[in-house]
Amino acid sequence: MFSIKRTSRVVAGAGLGLAALLALTACNSGSPTDPGATEGGEAGGSEALWEVAEGVELDSPTFERATEAGKIVIGVKADQPGLGYEDAVSGERTGFDVDIARWIAASLGFSEDDDTIEWKTVPSANREQEIINGGVDFYVGTYSMTDARDEQIDFAGPYFITGQGLLVRADDDTINGPDDLADKVTCSVTGSTPLQRIRDEYNGEVTERQTYSECVEQLLAGQVDAITTDEAILAGYVAQDPDNLKLTGEIFSEERYGVGIADGDSALQEHINTLFTDGGDVWTALFEQHLAPAGVEAEQPAVD
Ligand code: GLU
């Protein structure tokens, strides 16, 4: 039988770590901040984590297209604090996934400093199609590597492993796992693996939205009883609003995050996998900066 490898786990009751508290104290925009937002590869201070490569040569159709266009188009999420977030006021993109994307782009010679990165917010349901159509050059956004998706696109990675969990209102003690959802309403996102799993394997009413932040609004308004998706995503919402939200129960799947790329672009796939394999220090710095403060525990996984 399938068993869950607890490669990543949110520490129960960790609440806000010191770094997150400091970051929130320092935050004056009132938005759900990402502790220690990075820009231009700088993380946790003035030390740059990576350099923008020059004179890159790669026999990759995606890289050639981006080089010709003079910019690389990267698909991300925009409403997942700690992972892929866009500040509504400043427009700044932050999060573990966003920085993973910046790191990959820099390894190919593209950076925001040179204005050669174009961000594109793409919801879960549209990811494969955007990659297939060439609407994005690559995608980094809590994107589980599954066989069904692999038939349409390719993945580099995994670069992170988490598992499906549950988010409920802080004062709700009636839900302690997916078996308690039979008489509840649960929200998840169209085109996501957690939506599929909760429908296929558990009882209860399920409502679907385009984004997890819409689910959070519904949960806080009392219109749904729970949200299900990857625990690393849910932990970001708890860190943002610990008075009203909490994680409950154990994770009940394994979600291996990969970078979505065009089917057959093995040169780009190898390039990204080598970056991950050789870049353990960068990975650790990004993890400590973006996910550890929300109580997430993980180690860098080996690439496939
Ligand atoms: N990792 C899951 C998936 O790829 C859920 C998160 C998401 O929707 O991005 O479907």
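This one's a predicted model, so the numbers in the text were calculated from it and none came from an experiment.

Some remarks on the site of the ligand
Around the ligand lies a shell of 17 residues, among which Ser124, Thr142, Ser144, Tyr212 and Asp230 are the nearest. A distance of 2.7 Å separates a nitrogen atom of the ligand from a polar side-chain atom of serine 144. Bound to the protein, the ligand loses 100% of the 280 Å² it would expose on its own. Listed by contribution, the elements that provide at least two residues to the shell around the ligand are helix H6 (193–201), strand E12 (226–230) and strand E14 (255–261).

A word on the pairing of strand E2 (residues 72–76)
Burial analysis of E2 places five of its five residues in the buried class, which makes it a mostly covered element. Burial along E2 is two-sided: the residues Ile72, Ile74 and Val76 and Val73 and Gly75 are all buried. Note that E2 and strand E6 (residues 117–121) share five bridges and pair parallel. Looking at E6, one finds that isoleucine 74 is bridged to tryptophan 119. As paired elements, E2 and strand E7 (residues 138–139) share two bridges and run parallel to each other.

What to know about the environment of aspartate 225
Counting through the fold element by element, aspartate 225 comes out in the loop between helix H7 (212–220) and E12. Look at aspartate 225 and you get buried, because its relative accessible area is 19%. With 53 residues separating them along the chain, aspartate 225 and aspartate 172 place their C-alpha atoms 8.6 Å apart. In contact with aspartate 225, other than residues within four places in its own chain, are Leu167, Val168, Arg169, Asp172, Ile175, Lys184, Val185 and Leu219.

Here's the deal with helix H10 (residues 280–290)
Along H10, the residues that are buried comprise Val282, Trp283, Leu286, Phe287, Gln289 and His290. Along the axis of H10, the buried residues cluster in a sector spanning 165°; they form a single face. On its buried side, H10 packs onto helix H3 (96–108), strand E8 (154–162) and strand E15 (296–298).

Here we look at helix H2 (residues 61–69)
Buried within H2 we find Thr62, Phe63 and Ala66. All buried residues of H2 fall inside an arc of 95° around its axis, so they share one side. Residues of H2 that are exposed and point over 90 degrees away from its buried face: Pro61 and Glu68. The elements touched by buried residues of H2 are E2, H3 and helix H9 (266–278). One or two positions beyond H2, positive phi appears at glycine 70, with a value near 75°.

Considering the packing of H3 against H10
Where H3 contacts H10, the two axes come as close as 9 Å, and the packing angle between them is 150°. Our classification of the angle between H3 and H10 gives roughly antiparallel. As for the relative orientation of H3 and H10, their crossing is right-handed in sense. For the pair H3 and H10, the contacting residues are Phe96, Asp99, Ile100 and Trp103 in the first and Val282, Trp283, Leu286, Phe287, Gln289 and His290 in the second. Taken together, the residues of the contact of H3 with H10 break down into seven nonpolar, two polar and one charged.

Comments concerning the confidence of the model for the protein chain
Chain-level pLDDT for the protein chain is 89 on average; 85% of the residues reach the 70-or-more range. Here residues 1–6 is a poorly scored stretch, pLDDT under 50, and it has eight contacts once near neighbours within four places are set aside; other chains count. Counted against residues more than four places away or in other chains, residues 42–46, with its pLDDT under 50, gives six contacts.

About the cut-offs
- Residues numbered from 1 in each chain as written.
- Predicted model: local features only at pLDDT ≥ 70, side-chain atom pairs only at ≥ 80, totals over all residues.
- Heavy atoms only, no water.
- Near = heavy atom within 4 Å.
- Polar contact = N/O pair within 3.5 Å; in protein donor to acceptor, adjacent residues only side chain to side chain.
- Areas by Shrake-Rupley, 256 points an atom, 1.4 Å probe, with all protein chains shown as cover.
- Helix = DSSP H or I, 4+ residues; strand = E, 2+ residues; numbered from the N terminus.
- Buried < 20%, exposed > 50% of the residue type's maximum accessible area, 1.4 Å probe, protein only.
- Pairing = 2+ DSSP bridges.
- Contact = heavy atoms within 4.5 Å.
- Arc of directions from axis to C-beta.
- Axes fitted to C-alpha atoms, helices over the stretch in contact; angles between N-to-C directions.
- Parallel < 35°, antiparallel > 145°, perpendicular 65-115°, else oblique.
- Left-handed = near helix turned anticlockwise from the far one by under 90°.
- Nonpolar A, V, L, I, M, F, W, Y, C, P; charged D, E, K, R; others polar.
- pLDDT = per-residue confidence, 0-100.

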